[in-house]
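So you can see what is in the structure, the chains are spelled out below.
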Amino acid sequence: MLLLDEPTTKNFINGEFLESKTSEWIDVNNPATNEIVTRVPKSTPDEMQAAVDAASAAYETWSRETVMARQQIMFKYQALIKENLKEIAKNITLEQGKTLIDAEGDVIRGLQVVEHLCSITSLQLGETLPGIAKDMETYTMRVPIGVCAGITPFNFPAMIPLWMFPVAAVCGNTYILKPSERDPGASMMLVELAQQAGIPPGVINVIHGQHDAVNFICENPAIRAVSFVGSDIAGSYIHEKASKNGKRVQCNMGAKNHGVVMPDANKENTLNQLVGAAFGAAGQRCMALSTAIFVGDAKEWIPDLVERSKNLKVNAGDQPGTDIGPLISPEAKKRVLSLVQSGVDEGASLVLDGRDVVVQGYEKGNFVGPTILSDVKNDMTCYKEEIFGPVLIILNADTLDDAINLINSNPYGNGTAIFTTNGATAKKFTERIDVDRSASTCPSQCLFQCSRSPARRVVPRGHQLLRQTGNPVLHPGQDNNSAIGRKRMCHIRRPRWPCRC
Ligand code: NAD
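Residues numbered from 1 in each chain as written. Predicted model: local features only at pLDDT ≥ 70, side-chain atom pairs only at ≥ 80, totals over all residues. Heavy atoms only, no water.

Draft legend 1. Geometry of the pattern of salt bridges. All chains considered together, the criterion is met by 20 salt bridges. Where Lys86 meets Glu104, a salt bridge forms, and the shortest distance between an N and an O atom there is 3.1 Å. Here Lys86 is found in helix H3 (residues 85-96), whereas its partner Glu104 is found in helix H4 (residues 100-117), with 18 residues between them in sequence. You can call Glu104 partly exposed: its relative accessible area is 21%. Residue Lys428 pairs with Asp401 through a salt bridge whose shortest N-O separation is 2.9 Å. Residue Lys428 is found in helix H15 (residues 423-432), and its partner Asp401 is found in helix H14 (residues 400-409); the two are separated by 27 residues along the sequence. A single network of salt bridges, built from pairs that share partners, joins Asp401, Lys428 and Arg432. (Salt bridge = Lys/Arg side-chain N within 4 Å of Asp/Glu carboxyl O. Helix = DSSP H or I, 4+ residues; strand = E, 2+ residues; numbered from the N terminus. Buried < 20%, exposed > 50% of the residue type's maximum accessible area, 1.4 Å probe, protein only.)

What follows is the structure, given as structure tokens:
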């Protein structure tokens, strides 16, 4: 039952923040203290239907709004997000636990999407081909598809919702967002700002909950497209269920990102990058570099890696100097600890043990210190499952070919990296590596548009893009675009916008 002295998170339907009439509520706790921050409703079927009805009605006018008018809203929206960045970041640290600087990076990454959308006037251009046949020309137009929905995870509570609803809306769609029930605050602040920027009532709506809300989205006939970001288990379920109901679906799911360390790499730089990429955000990043493969003599650097990792400061995310904040929940901590133990039981060496860390003043928090398992083999549970905590596992390989084969045999996708100063090695790696395993179509907004020509209708199909990104370091707001010799990351999930799939 709802205790009325706790603040509650509202539904956002047809431009209004409405208290839910539900009798089922989910506690959102501060991960550093486990004190309740807010309670999130499991929105009732009537409330969810009201959100869809509002989105369907708004679609009639919003889809016919001019591109210029939608663009103007994005100009205002990006300015409002910038003005409120620190407040949103504070809420993220409170509900999700990550460090304040990391939380600001979370907002900035999403803000960059909104900034990009300010060029919608050129991004939404169609294509023409005069003279395709005698007395015939062909052209394509990018048009919205209707009511779309997004289901988001806890680990980037600002960036991932901002991948979704602004992109859908600027293309003329309307939206139902179901944020993670574990940290919905940033989403609520962001939709409020969208409203202030001029998004009309009904264009963006927020419902809350877990399985029932997800099933509602996958089944509701008025919802035409579904975006999901989160774990494999939920993503596979949503992909199947929403597809069966005839919706466009994109699911970006779990990961096991490998980094290959060659003996010719710059040692100092490599170890710093590994520490940041493995333990930053307490390892709760889909792009965390959670698996290192040391090739040949590079394994002699492991003791130095352990020493550096020991220096990381574990504390509440709002405390100055914190490197590693708490995990999202006691259950998440329990799961991480049991995967570490499985590694020990199956024969790996626990060269750094962060399991018993105690943070003064935050004894009830879900903290795990930096942990390193070496001598891991590919049949161990800690290798086969995504750990999603501050745990780096290390495997050894004799040659680069062995390392590449190992990565290509792993069922997970997302990203991979190599540390080397040899350009030929880097080139071979980028050519032979295969990390495109996610069950998704184009993960950008082309899900939210269809291209039509008088003669044909083009639907999205999967595509690949090899992209070099910055290294995931402790503070994602400060990525550095590394030179090929230092680190190269192939990242296949996020295409340039607009992709032409
Ligand atoms: P999660 O799958 O538990 O939750 C994501 C969303 O799905 C939430 O809104 C939740 O309410 C819903 N959900 C959870 N379990 C469900 C189920 N059984 N059936 C239907 N819906 C369900 O994920 P999480 O723990 O919030 O996020 C962490 C996961 O997300 C990690 O696996 C991480 O790798 C992944 N992730 C992937 C990307 C990417 O781009 N590939 C980005 C960020 C996070």
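Draft legend 2. Expanded view of the pairing of strand S7 (residues 147-151). The buried fraction of S7 amounts to 5 of the 5 residues, a majority that puts the element mostly inside the structure. Along S7, one buried face is formed by Val147, Ala149 and Ile151 and the opposite face, lined by Cys148 and Gly150, is buried too. For S7 and strand S8 (residues 174-178), the ladder comprises 5 bridges, and the chain directions are parallel. Pairing of Val147 across the sheet is with Thr174, part of S8. In terms of handedness, the path from S7 via helix H6 (residues 159-170) over to S8 forms a crossover that is right-handed. Here S7 runs beside strand S10 (residues 223-229); their pairing, made up of 5 bridges, is parallel. Bridge pairing in S10 places Cys148 opposite Ala225. (Pairing = 2+ DSSP bridges. Right-handed = clockwise from strand over helix to strand, strands pointing away.)

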